[in-house]
Amino acid sequence: MMSHTPGPWRVSKCRLGNKLLIEHGDADTMSPIIGSVYLDEGRLPQTANASLIAAAPELLTELKMLHRAYCFAVGFEGRQHQVAVDALAAITRAEGRES
């Protein structure tokens, strides 16, 4: 299983150039860069994309908790419901275990 850099991740504007950086940690420390999104004048989705990427660790954690809670609340047969199957497939892909 692949292991990702744990959150929190945040978005910051690069001082040099026209891109957004996705960084690990808080704004008060020197943070490793997770990735970057280049800004293209007139195209707004890049900012939303950078925010979504930065939220990925938290989204994965919450999806895992929701999947466990759903399966527990509905019972064993709940693991066969399409929503549970789809959630588990997304978790598997996010963790690099896609078969």
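Residues numbered from 1 in each chain as written. Predicted model: local features only at pLDDT ≥ 70, side-chain atom pairs only at ≥ 80, totals over all residues. Heavy atoms only, no water.

A. Examining the side chain of H67 more closely. By the element assignment, H67 lies in helix α1 (residues 45–74). Look past the residues within four positions of H67 in its chain and what remains in contact with it is A84, A87, L88 and I91. (Helix = DSSP H or I, 4+ residues; strand = E, 2+ residues; numbered from the N terminus. Contact = heavy atoms within 4.5 Å.)

B. How the structure looks around the sheet that holds strand β1 (residues 9–13). The sheet built from three strands is open, its strands ordered β1-β2-β3 with antiparallel pairing. Because the sheet does not close on itself, it has two edges, and the strands there are β1 and β3 (33–38). Each strand of the sheet is rotated relative to its neighbour by a mean of 25 degrees, with strand direction disregarded. Two elements, strand β2 (residues 19–24) and β3, share five bridges in a ladder whose sense is antiparallel. Across the sheet, L20 pairs through a bridge with V37, a residue of β3. (Pairing = 2+ DSSP bridges. Axes fitted to C-alpha atoms, helices over the stretch in contact; angles between N-to-C directions.)

Spatial relationships are all this shows, so hold off on functional conclusions.
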